[in-house]
Amino acid sequence: MRRPIGRRTTITAVCLAAGLAVGTGTWAVLGLQAEEPAAASASEQPDRATAIVTKGDLTDSKVFAGTLGYGSATGVPAAAGGTITWLPEPGDVVHRDEYLYAVDERGVRSMYGTVPLWRDLSRGRTGTDVRQLNENLAALGYDVSVDDVFGPRTERAVRQWQQDRGHRVTGVLTADDIAFVDGAVRVASVDGELGQPTGAEAGGAGDGGVGAAGDVLQVTSTERVVTATVSQRDAERLAVGTEVGVRINGAGDPLRGEVADVQPSTSEDGGNKVDVSVSFDPGDRKLPAAASAQVDAKGTTERGVLSVPVAALAAGSGGEYAVDVVRRDGTTKRVAVVPGFTADGRVAVTGDVAEGDRVVVPG
């Protein structure tokens, strides 16, 4: 048996954080020397805090500070050729087949899709953009085959769509007709101005136009999301699809969330950081217009380990560790242990301790 350690050092938990993240899984040791005998009678023991040695899973978790909003904004290019004659207001929501903006009093309508309209769509074309078009036409009730081919049925549907909306009937869809956006969108800001030329009419930036490559609008999702800016290293535990917990204003039970998007940070001090967007289900909870938020992300899990609070560890001058186990008669016994994985304020230990033992946790 190893000789009991004669001098006690309490362990102070230090969270290793990066950026706005507050970690709960990694701790450092600070030496604070205090003399204490290895055992004492019950009558000599003052009131003390104790904790139970438990057996179970330990999960390394980390909490990231975020904000409640609508996520990162993306631009809608001013690709239609002409002069801007109508613009939406910030906060407006645009659904499928509704106006995003208008040039020469002709509305450019929203269609859903992740691939932007990079070419004219006409008979004989194939590709993902054509499939997006067919999906939208089908959703609007037109008779098309939902595939990636612009065939005769698609051409007839496009002609009918153009006629129904007062557009020039050509059977060809261009940027003068539609723009693809990622679902229903909320207007975050308006970059264009009434009377400005767009597309080929805009010329260079010196002409005062929006420009063919410029954006007329900035749009976001219509769903409330929490956005947190984290380091590249922390982003490894926040991949798209990862389940996380979400707290709004730090109150209430955590809501179930999921990482929906990860993009390079747009903040001025972003550097090597990324913006993580988390979607969540608020249930019946009423959300404020703006709020702070926390994202609780889990990491590594050690299963079926014995653990004690980190503060229960006593460190000796030789780098050894021990815990003070409370006996049935109230006295304590110094027991050597080997600490391991730490998470959520607890540390896994191996040694002559058992599940259910009570150990002293110095105040």
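What you see as residue numbers is a count from 1 along each chain, following the sequence as written. Local features in this predicted model are restricted to residues whose pLDDT is 70 or higher, and side-chain atom pairs enter the listing and the counts only when it is 80 or higher, whereas totals over whole chains, interfaces and linings include all residues. With hydrogens and water stripped out, all remaining heavy atoms of the structure feed into the side-chain values.

Digging into the pairing of strand β17 (residues 251–264)
No. 1: For two strands to count as paired, DSSP must find a minimum of two bridges between them. A helix here means a DSSP run of H or I that spans at least four residues, while a strand means a run of E at least two residues long, and both kinds are numbered starting from the N terminus. Inspection of the sheet shows strand β16 (residues 243–248) paired to β17 by five bridges, in the antiparallel sense. The partner of Gly245 across the bridge, within β17, is Arg256.
No. 2: What sits between the antiparallel neighbours β16 and β17 is a turn of two residues, in which Asn249 has the positive phi angle 55 degrees.
No. 3: When β17 meets strand β18 (residues 273–280), the two strands line up antiparallel, connected through seven bridges. The residue of β18 that forms the bridge with Pro264 is Val274.

Some points on helix α1 (residues 128–139)
No. 1: The end-to-end C-alpha separation of α1 is 17 Å, in line with the 16 Å expected for 12 residues at 1.5 Å each.
No. 2: The buried label goes to any residue with under 20% of its type's maximum accessible area, the exposed label to any with over 50%, and the partly exposed label to all in between, with areas taken from a 1.4 Å probe on protein chains only. For α1, the complete set of buried residues consists of Asp129, Val130, Gln132, Leu133, Asn134, Asn136 and Leu137.
No. 3: Contact partners of the buried residues in α1: β10 (106–112), α2 (152–164) and β11 (178–181).
No. 4: Looking one or two places after α1, you find Gly141, whose phi comes out positive at around 95 degrees. Multiplying 1.5 Å by the residue count of a helix minus one yields the expected span of that helix. Contact criterion: two residues are considered in contact whenever any of their non-hydrogen atoms come within 4.5 Å of each other.

Quick look at the layout of surface pockets
No. 1: Cavity: a set of points on a 1 Å grid over the protein atoms alone where a 1.4 Å probe fits but cannot get out. Pocket: an open set with protein on both sides within 12 Å along at least five of seven lines, its lining residues, like those of a cavity, having an atom within 4 Å of a point. Grid points are joined across faces, edges and corners, and a volume is the space filled by probe spheres set on the points. The space that makes up the largest pocket amounts to roughly 850 Å³.
No. 2: Lining the largest pocket are 37 residues, and of these Ser72, Ala73, Thr74, Asp182 and Val219 sit closest to its centre.
No. 3: When residues of the lining of the largest pocket are traced back to their parent elements, those giving at least two are β6 (74–77), β11, β14 (215–221), β15 (225–231), β17 and β18.
No. 4: Three categories are distinguished: nonpolar for Ala, Val, Leu, Ile, Met, Phe, Trp, Tyr, Cys and Pro, charged for Asp, Glu, Lys and Arg, and polar for the others, with Gly belonging to the last. Counted by class, the lining of the largest pocket contains 19 nonpolar, 14 polar and four charged residues.

Points about the sheet that holds strand β9 (residues 99–103)
No. 1: Spatially, β11-β10-β9-β7-β13 is the arrangement adopted by the five strands of the open sheet, whose pairing is mixed. Each having just a single partner strand, β11 and β13 (197–198) make up the two edges of the open sheet.
No. 2: Relative to β9, strand β7 (residues 82–86) runs antiparallel, the two being bridged by two bridges. Bridge pairing in β9 places Trp86 opposite Ala102.

Let's talk about the pattern of salt bridges
No. 1: For salt bridges, the criterion is a side-chain nitrogen of Lys or Arg within 4 Å of an Asp or Glu carboxyl oxygen. Following the criterion strictly, the structure yields 12 salt bridges and no others.
No. 2: Linking Asp176 and Arg106 is a salt bridge whose minimum nitrogen-to-oxygen distance equals 3.5 Å. One end of the pair, Asp176, is in the loop between α2 and β11; the other, Arg106, is in strand β10, with 70 residues separating them in the sequence.
No. 3: For Glu243, the salt bridge identified is with Arg256, shortest N-O distance 2.8 Å. Within this pair, whereas Glu243 is found in strand β16, its partner Arg256 is found in strand β17, the two being separated by 13 residues in sequence.
No. 4: Taking relative accessible area as the criterion, Arg256 reaches 53% and is therefore assigned exposed.
No. 5: By sharing partners, the salt bridges in this structure join Asp97, Asp164 and Arg165 into a single network.

Observations regarding the sheet that holds strand β8 (residues 93–94)
No. 1: The strand order across the open sheet built from four strands is β6-β14-β12-β8, with neighbouring strands paired in antiparallel fashion. Only two strands of the sheet have a single partner each, and these edge strands are β6 and β8.

Some thoughts on the confidence of the model for the protein chain
No. 1: In predicted models, pLDDT denotes the confidence assigned by the predictor to each residue on a 0 to 100 scale. Mean pLDDT over the protein chain stands at 84; residues scoring 70 or higher make up 82%.
No. 2: Per-residue pLDDT stays below 50 along residues 1–45; that stretch engages in 103 contacts with residues further than four places along the chain or on separate chains.
No. 3: Every residue in residues 204–213 is under pLDDT 50, and counting partners more than four places away or in other chains gives 21 contacts.

Looking at the packing of aromatic side chains
No. 1: Any pair of Phe, Tyr and Trp rings, taking the six-membered ring for Trp, is counted once the centres come within 6.5 Å. Such a pair is stacked with planes under 30 degrees apart, edge-to-face with planes over 60 apart, and tilted for the rest. As enumerated under the stated definition, the model contains one aromatic pair in all.
No. 2: Cation over ring: Arg186 sits above Tyr70, and NZ or CZ is 4.1 Å from the ring centre.
No. 3: A ring is scored as having a charge over it whenever the NZ atom of a lysine or the CZ atom of an arginine sits within 6 Å of its centre and within 35 degrees of its normal. Across the ring face of Tyr70, the terminal group of Arg224 is positioned such that the distance to the ring centre comes to 5.1 Å.

Some details on α2
No. 1: With 13 residues, α2 should cover 18 Å at 1.5 Å per step; its first-to-last C-alpha distance of 18 Å lies within 8% of that length.
No. 2: Those residues of α2 not exposed but buried are Thr154, Glu155, Ala157, Val158, Trp161 and Gln162. Around the axis of α2, the buried residues are gathered within 165 degrees of arc, so they sit on the same side. Every exposed residue of α2 that faces more than 90 degrees away from the buried side is listed here: Arg156 and Gln163.
No. 3: Looking at the buried side of α2, the elements it contacts are β10, α1 and β11.
No. 4: Gly166 sits one or two residues past α2 and shows a positive phi near 75 degrees. Throughout, the arc means the angular range of directions from the helix axis out to the C-beta atoms.

Comments concerning the environment of Ile248
No. 1: Take Ile248: it is sitting in strand β16.
No. 2: The sequence separation of Ile248 and Ser292 amounts to 44 residues, and the corresponding C-alpha distance is 6.2 Å.
No. 3: Dropping the residues within four chain positions of it, Ile248 is found in contact with Leu68, Val226, Leu255, Phe280, Leu287, Pro288, Ala291, Ser292 and Ala293.

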